[in-house]
Amino acid sequence: MAKSFGLKDFEVQEGASPTQNEPQTKRSVIEQDNVTLARLGKKPVLKRNFGFMSMLGFSCSIMATWEGVLILFVVSFANGGFAGSIYGFLIVWLGNLAVFSTMGELASMAPTSGGQYHWVSMLAPKSIHKFLSYTIGWVTVVGWLSNIASGSFFCSGLIQGLIGMNNMNYKPQPWQAVLLFYAVVVFAVFVNTVVSRALPKIEGLILIFHLLGFFAILIPLVYMAPHGSSTDVFTSFLNTGEFKTQGLSMMVGIVGPVFSFLGADSAVHMSEEIQNASVIVPRAMLLSIMINGILGFSMLIATLFCLGNVEEILQYPFPFMAIFQQAVGSIGGATTMASVATILTIFALISFIASASRMLWSFARDRGVPGWYTLSKVHHSTSIPMISIALVSVIACLLALISLGSTVAFNDVVSLTVSSLYISYLIGNGLLLWRRINGSIKAYDSSSDGLTNIAGAECLSWGPWRIPEPFGTAVNAFGCLYLVVIMFFSFWPTMMHQDAMHMNYSSLMLGSVVIFAVMYYVIWARNVYKGPVIQI
């Protein structure tokens, strides 16, 4: 008979001595993490290899904010111009700090790879907690699958852009983009599987490259390029979408910086592989947003001052490459600078696949997807979800085939990333706001050894990381308001007068995902999915 697990199985036994390769301090932290996980009803099956610095590198690299400012420059500039790009970035930065401060509280309460759907299950009223958490689980999985597809798509496009910079006769073809898409996915899968033991160290190195690469681009850009006037940069707006007001145009263009900050919840989905997760996850999320916000804002200001000929650079698929070429006056120098951003974007894909696979694995563990028994397995020697990694990668590669028929259709898949993840943030943060207002969350008690913060819980308990009141409620409310506004504008087309071919169909895509999840729930999942499974 298999041994049953209880909280005592994960407690540190007095007098127990660590092994030669496992210091007492490290062992104590991991044991306490296992106790915390057991209180959520889960068995520890993944190895806790990540510490604070490696997870900070993981979070910073997956957001790639200063790289995103360059890659998505045209989105906010076309609808917003100089000043609109700046003010839109600041709105998104402030909004993300509010949203992820609240999500840090949730991650501290329940540091599990399931993240949003687990939080919804424990926060929602009993009458709807199962259905609502199931729907959010599906939406979050689809959001992360779209994130892999969009990240890979940008990587392949950047590589083609570099080729075009050095060969004026080169004409990029969709089939070439797909093959490059597959190549970067294979590279990311290799790192996540074959050298998975070294992933924390790799993420630490990527963090160093992320910081050094920023200065490697910023210094020659600012030093060598002619500078525009501060009046233009801080007061000049642009409305190429021909919207009725400049404010409306800026809010449509705000999707660019939104995408540049996307993925901060990646640390949440890696929670079961992080030491002292209930404290490290909130800190890593917020510090990565602070660091990336500073780097991204600095890069944006520098780019706007060094823009050069606006009409000329907007003709390029990636205008930042033309900006670099104008600045340094050398194709070789511009290629080197653009290569730094391209390589870091490829490195970000490593974290995309890691986070998406853990999210899928966790949802499968709770019987939320077809084939859950197989998908919830972890490799016996590496303790990573190999099958889930393979599936998210294959699905992303299949999505890439859409671009062979229609790039516009594939762009709708890309836009699904924002709407899917933002709605998962909104539901979880909104339910926490409701719970904290009605006072149904107890103070943190580290000595408690009973189940807490599980599906349909009547009384919840805070984690060790919490924003003091009344600031917690104010930040929570502001974050929810921000999410509602961004969700609304994420469904808008980029131009006022748009034809059917170039419309923004992300609302249709999101609606299709929700309808599928609801139908699947009614037909099959309601008899299998009961919310996060109590394993102990």
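What counts, and at which threshold
- Residues numbered from 1 in each chain as written.
- Predicted model: local features only at pLDDT ≥ 70, side-chain atom pairs only at ≥ 80, totals over all residues.
- Heavy atoms only, no water.
- Salt bridge = Lys/Arg side-chain N within 4 Å of Asp/Glu carboxyl O.
- Helix = DSSP H or I, 4+ residues; strand = E, 2+ residues; numbered from the N terminus.
- Buried < 20%, exposed > 50% of the residue type's maximum accessible area, 1.4 Å probe, protein only.
- Patch = residues over 30% accessible without salt bridge, like charges linked within 9 Å, V, L, I, M, F, W, Y side chains within 5 Å.
- Areas by Shrake-Rupley, 256 points an atom, 1.4 Å probe, with all protein chains shown as cover.
- Polar contact = N/O pair within 3.5 Å; in protein donor to acceptor, adjacent residues only side chain to side chain.
- Contact = heavy atoms within 4.5 Å.
- pLDDT = per-residue confidence, 0-100.
- Phe/Tyr/Trp six-rings, centres within 6.5 Å; stacked < 30°, edge-to-face > 60°.
- Axes fitted to C-alpha atoms, helices over the stretch in contact; angles between N-to-C directions.
- Parallel < 35°, antiparallel > 145°, perpendicular 65-115°, else oblique.
- Left-handed = near helix turned anticlockwise from the far one by under 90°.
- Nonpolar A, V, L, I, M, F, W, Y, C, P; charged D, E, K, R; others polar.
- Core = buried A, V, L, I, M, F, W, Y, C linked by side-chain atoms within 4.5 Å.
- Lys, Arg positive; Asp, Glu negative; His and termini not counted.

## Description of the pattern of salt bridges
Thought 1: Enumeration according to the criterion identifies six salt bridges in this entry.
Thought 2: When the shortest N-O distance is used, the salt bridge between Arg436 and Glu469 registers 3.1 Å. Here Glu469 lies in the loop between β2 (460–461) and α22 (471–490) and Arg436 lies in helix α21 (residues 407–437), a separation of 33 residues in the sequence.
Thought 3: We note a salt bridge from Arg466 to Glu469, for which the minimum N-O separation is 3.8 Å.
Thought 4: Judged by relative accessible area, which is 38%, Arg466 ranks as partly exposed.
Thought 5: Residue Glu469 is classed as partly exposed on the basis of its relative accessible area, which comes to 34%.
Thought 6: The network of salt bridges with common partners includes Glu105, Arg436, Arg466 and Glu469.

## Let's talk about a nonpolar patch on the surface
Thought 1: Residues Trp175, Leu179, Val394, Leu398, Leu401 and Leu404 make up a contiguous nonpolar surface patch of roughly 590 Å² in combined accessible area.
Thought 2: Counting only elements with at least two residues in the nonpolar patch, the list comes to α8 (174–193) and α19 (386–400).
Thought 3: On the secondary structure map, Trp175 appears in helix α8.

## Looking at unusual backbone geometry
Thought 1: Residue Pro470 is bonded to the preceding Glu469 through a cis peptide linkage, with omega at 5°.
Thought 2: Structurally, Pro470 can be placed in the loop between β2 and α22.
Thought 3: The phi dihedral of Glu242 is positive, around 60°, even though this residue is not glycine.
Thought 4: By the element assignment, Glu242 lies in the loop between α10 (230–235) and α11 (246–253).
Thought 5: We classify Glu242 as exposed; its relative accessible area is 51%.
Thought 6: For Ser383, which is not a glycine, the phi torsion comes out positive at approximately 60°.
Thought 7: As for its position among the elements, Ser383 is in the loop between α18 (372–375) and α19.

## Structural notes on the side chain of Ser133
Thought 1: In this structure, Ser133 sits in helix α7 (residues 129–166).
Thought 2: Here the side chain of Ser133 touches Tyr529 through a polar contact of 2.9 Å, side chain to side chain.
Thought 3: Every residue in contact with Ser133, bar those within four places of it in the chain, is listed here: Tyr117, Val120, Ser121 and Tyr529.

## Some remarks on the confidence of the model for the protein chain
Thought 1: On average, the protein chain scores 88 in pLDDT, and the residues at 70 or more come to 94%.
Thought 2: In the model, residues 1–26 has pLDDT below 50 throughout and makes 36 contacts with residues more than four positions away in sequence or in other chains.

## Here's the deal with the packing of aromatic side chains
Thought 1: Applying the stated criterion across every chain yields a total of 36 aromatic pairs.
Thought 2: Ring centres 5.3 Å apart and planes at 70° place the aromatic pair Phe100 and Tyr425 in the edge-to-face group. With Phe100 in helix α5 (residues 81–109) and Tyr425 in helix α21, the pair connects residues that are 325 residues apart, well separated along the chain.
Thought 3: Classification of Phe100 by relative accessible area gives buried; the value is 1%.
Thought 4: We classify Tyr425 as buried; its relative accessible area is 2%.
Thought 5: Ring centres 5.8 Å apart and planes at 85° place the aromatic pair Phe154 and Phe259 in the edge-to-face group. Of this pair, Phe154 sits in helix α7 while Phe259 sits in helix α12 (residues 255–260); the two residues are 105 residues apart in sequence, bridging distant segments of the chain. Each member of the pair Phe154 and Phe259 is classed as buried.
Thought 6: Connected via pairs of aromatic rings, a cluster forms that spans Tyr117, Phe131, Tyr134, Phe363, Tyr521 and Tyr529.

## With respect to the packing of α7 against α19
Thought 1: Where α7 contacts α19, the axes come no closer than 9 Å and their chain directions differ by 60°. Between α7 and α19, the crossing angle belongs to the class labelled oblique. Here the hand of the crossing between α7 and α19 comes out right-handed. Contact residues: Leu145, Ile148 and Ala149 in α7; Val392, Ile395, Ala396 and Leu399 in α19.
Thought 2: For the contact of α7 with α19, the residue count by class is seven nonpolar, no polar and no charged.

## Some details on the nonpolar core
Thought 1: Ranked by size, the top nonpolar core spans 155 residues in total, and within it Trp66, Phe100, Trp119, Ile217, Phe320, Phe324 and Tyr422 carry the most contacts.
Thought 2: No other element matches helix α17 (residues 331–365), which puts 17 residues into this core.
Thought 3: Residues in contact with Phe100, not counting those within four places in the same chain, are Ala264, Asp265, Met285, Leu286, Ile289 and Tyr425.

## Focus: the side chain of Asp33
Thought 1: Checked against the element boundaries, Asp33 lands in helix α1 (residues 24–39).
Thought 2: Put simply, Asp33 is tucked away with no salt bridge, and the nearest opposite charge, on Arg48, sits 4.1 Å away.
Thought 3: The residues touching Asp33, leaving out its near neighbours within four places in the chain, are Arg48, Ile274, Gln275, Asn276 and Ala277.

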